[in-house]
Amino acid sequence: MRSALALVLLALLLASPLLVATHAKAATQQWPWGNAKEPFPWLSYLKSLPHKEGVTLVIITRHESTILEKTREKFLNSPVAKELGIKNIQFVQAGPEQWETYIKKSIERGRPIDVAWGGGPTLFNYIDSLGYLEPINVKAQPAYWAILYEMSKIPKTIAGVPTYKNGTDGYIHWIGAAISSFGITVNHKVLKEYNLPTPETWADLTKPIYAKELPATPLIGIADPTMSTSNTRMYEIVLQAYGWDQGWKILTLMAANSKIYDSSSGVRDAVILGDIAAGITIDFYGYTAMHQNPACEYILPKGLTIVNADPIAIIKGTRYPVQAAAFVAWVLSEYGGQQIWLDPDINRLPINPHVFNTTIGKERKDLLQAYKTATTTKGIPFNETLASYTERPMQFYFKATLVNAHDALQRAWAAIAKAYLQGKITKEQFNKLVNLLTQPFKFKDPVTGQMVTFTKEYAIKINKKISNPSIYQALMSEWEDGARHRYQNAYQALQQILQGGQASSTSTTGTQTTTQGKAKGGTSTTELAIAIIVIIIIIAGAAVVLRK
């Protein structure tokens, strides 16, 4: 009975879309500050509330240094920081796998982090599930009125996706501070140099044509998901857009075609510099590439991506709730942090459209057009709950099988792809070798001791247990070993085809293929002789054993 109930709950989890909560009724509220005018009409009200002076706000973030430096300068010089006694901002730049530890330890030391900013909905939902995000409850903390006021300017949804999260308690737990879309940034000059087609979908990046310079010169770039939340989000998109099994096949071949960088900015820079022809990037990296190099273009895979809000939230237990609320409200304001996104060195899409009516906003007609395109893009029905329940197992499985074993993967794939491109194997043979290279493999589950494969259900099942160091180490070892064995098998299968006298003649159109050599499934005289010898040896050995 319990097993049946678990299956029903699992089915509901996988099938149900993200529940969209009702938007806060902030726009209809009578604000505590009355008819005070912009900018920051809430500032005098916050100043009247009890608060400490000379504080340093601590903010955990996934944003890069350029954003943080410009934010620190603009915010500390704003009337918000000056009138509320905020003397400094300390940014804690941490990878997604470190957030839980950083936040927990800061609370244990009695100096909790105040704000979390940037990192994507899945990371924020995970932190929220641990109870670390502060509900925006104005009854508990009147300063949060400022957040609700700025939030009232933001659309309820963007491209069909909510711009905030309501908790089960009925309060808002995080709000989008910027818009993120996910796609492919290409360098047309490099594509032309190597006579390559322009990729328009995630699956395009798996084509053997991009492997023709491997392993010496990878022409595609991706990032290690354990080092990049934006690449993690793109891998989740692939798995949901194409389905789990086909998605992993695409991710495997994408990784096989790629140089794997240790950061998403590394991918961006490589496209800009022309080190690679294409790389998967978050939107503002694509816009930055276009701004810095006219040969670059950011491409949204039509119907195969998502547009989501990149969150900001207050960490539960902050010692400075008034100042933390002020920073969040400032970030959401068109007169404050929303202008940071428009800086030519940043090029992010703001979430508050009113910023385009400011003096700075009117100068960025290119980003206004990008904003219109992103907010009207039809994306996939993305299941945020599923993403949060599979994220860490997905990241670690990707790390073990596609990053740690990348040398073996790329060696096998380069040989297979080149053999196909050079007409040495048929399309049918190529497809079979690709299946060998990408098919699921069995590994030992360290929890049950059973042999399993990395299914969606298994990822959900192991999600909470994978943080256990012994389980993590066992899985990483099993996954890497299994992947290397899989890639070696595919490579050896190719060598057997090539050495067995099977050759193909592929026409220039690629529509006709002929095969010469022994028939498919046939057995050569040499192979038959070897088989007879092996049988004789086995029989002789058995006879000796019986005599004993």
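J.: So what exactly am I meant to see when it comes to the packing of helix α18 (residues 427–438) against helix α20 (residues 469–499) here?
T.: The geometry of a pair of packed helices is captured by two quantities: the angle between their axes and the separation between those axes. Axis separation between α18 and α20 bottoms out at 7 Å; the angle between their running directions is 160°. Our classification of the angle between α18 and α20 gives roughly antiparallel. When you trace α18 past α20, the crossing you get is right-handed. Residues Gln429, Leu433, Leu436, Leu437 and Thr438 of α18 form the contact with α20, whose own contacting residues are Arg486, Tyr487, Ala490, Ala493, Leu494 and Ile497. Grouping the constituent residues of the contact of α18 with α20 by class yields 8 nonpolar, 2 polar and 1 charged.

J.: Whenever I open this one, the nonpolar core confuses me. Can you help?
T.: If you look at soluble globular proteins, the nonpolar side chains tend to sit buried side by side. Grouped together as the largest cluster of nonpolar side chains are 87 residues, with contacts concentrated most on Trp42, Trp117 and Phe327. If you tally residues by element for this core, the top one is helix α13 (residues 321–332), at 10 residues. In this view, Trp42 contacts Trp33, Val80, Ala146, Tyr149, Glu150, Ala326, Ala329 and Trp330; residues no more than four positions away in its chain are not counted. Among the nonpolar cores identified, the runner-up in size contains 81 residues, and Ile184, Leu219, Leu475 and Ala493 belong to it.

J.: Mind showing me how you'd approach a positive patch on the surface here?
T.: A grouping of Lys52, Lys105, Arg109, Arg111 and Arg319 is seen on the molecular surface, where their side chains present a positively charged patch. The topology assignment puts Arg111 in the loop between α5 (99–108) and β3 (115–117).

J.: For this particular structure, what's the right way to read helix α12 (residues 283–292)?
T.: The periodicity of an α-helix, 3.6 residues per turn, causes residues three or four places apart in sequence to face the same way. Burial runs high along α12: 7 of the 10 residues are buried. Looking at α12, one finds that the buried residues are Asp283, Phe284, Tyr285, Gly286, Tyr287, Thr288 and Ala289. Those residues of α12 that are buried are in contact with β7 (172–187), α11 (264–273), β10 (278–282), β11 (296–299), β13 (349–350) and α15 (365–375).

J.: Is there a simple way to think about the environment of Thr305 in this case?
T.: Structurally, Thr305 can be placed in the loop between β11 and β12 (307–314). Through-space distance from the C-alpha of Thr305 to that of Gln240 is 9.5 Å; in sequence the pair is 65 residues apart. Those residues in contact with Thr305, other than ones at most four positions away along the chain, are Phe182, Trp202, Ile237, Leu300, Gly379 and Ile380.

J.: Is there a simple way to think about the side chain of Asp128 in this case?
T.: Within the element layout of this structure, Asp128 appears in helix α6 (residues 121–129). Polar contacts involving the side chain of Asp128 include one to the side chain of Lys165, which spans 2.7 Å.

J.: Looking at this model, I keep getting lost on the packing of aromatic side chains. Mind explaining?
T.: Any aromatic ring pair is given by two values, namely how distant the centres are and how the planes are angled relative to each other. Inspection of the entire model under this criterion finds 33 aromatic pairs. Ring centres of Phe91 and Trp117 lie 6.4 Å apart, and the angle between their planes is 35°; this geometry places the pair in the tilted category. On the criterion of sequence distance, the pair formed by Phe91 in strand β2 (residues 86–93) and Trp117 in strand β3 is long-range, its members being 26 residues apart. For the pair Tyr397 and Trp479, a centre-to-centre distance of 5.1 Å together with 80° between the ring planes defines the contact as edge-to-face. Taken as a pair, Tyr397 in helix α16 (residues 384–404) and Trp479 in helix α20 lie far apart in primary sequence, 82 residues in all. For the pair Tyr397 and Trp479, one class covers both residues: buried. In textbook terms, an aromatic cluster arises when at least three aromatic residues are bridged by ring pairs, as seen for Tyr235, Trp244, Trp248, Tyr397, Phe398, Phe441, Phe443, Phe454, Tyr458 and Trp479.

Conventions and cut-offs
Residues numbered from 1 in each chain as written. Predicted model: local features only at pLDDT ≥ 70, side-chain atom pairs only at ≥ 80, totals over all residues. Heavy atoms only, no water. Axes fitted to C-alpha atoms, helices over the stretch in contact; angles between N-to-C directions. Helix = DSSP H or I, 4+ residues; strand = E, 2+ residues; numbered from the N terminus. Parallel < 35°, antiparallel > 145°, perpendicular 65-115°, else oblique. Left-handed = near helix turned anticlockwise from the far one by under 90°. Contact = heavy atoms within 4.5 Å. Nonpolar A, V, L, I, M, F, W, Y, C, P; charged D, E, K, R; others polar. Core = buried A, V, L, I, M, F, W, Y, C linked by side-chain atoms within 4.5 Å. Buried < 20%, exposed > 50% of the residue type's maximum accessible area, 1.4 Å probe, protein only. Patch = residues over 30% accessible without salt bridge, like charges linked within 9 Å, V, L, I, M, F, W, Y side chains within 5 Å. Areas by Shrake-Rupley, 256 points an atom, 1.4 Å probe, with all protein chains shown as cover. Salt bridge = Lys/Arg side-chain N within 4 Å of Asp/Glu carboxyl O. Lys, Arg positive; Asp, Glu negative; His and termini not counted. Charge placed at Lys NZ, Arg CZ, Asp CG, Glu CD. Polar contact = N/O pair within 3.5 Å; in protein donor to acceptor, adjacent residues only side chain to side chain. Phe/Tyr/Trp six-rings, centres within 6.5 Å; stacked < 30°, edge-to-face > 60°.

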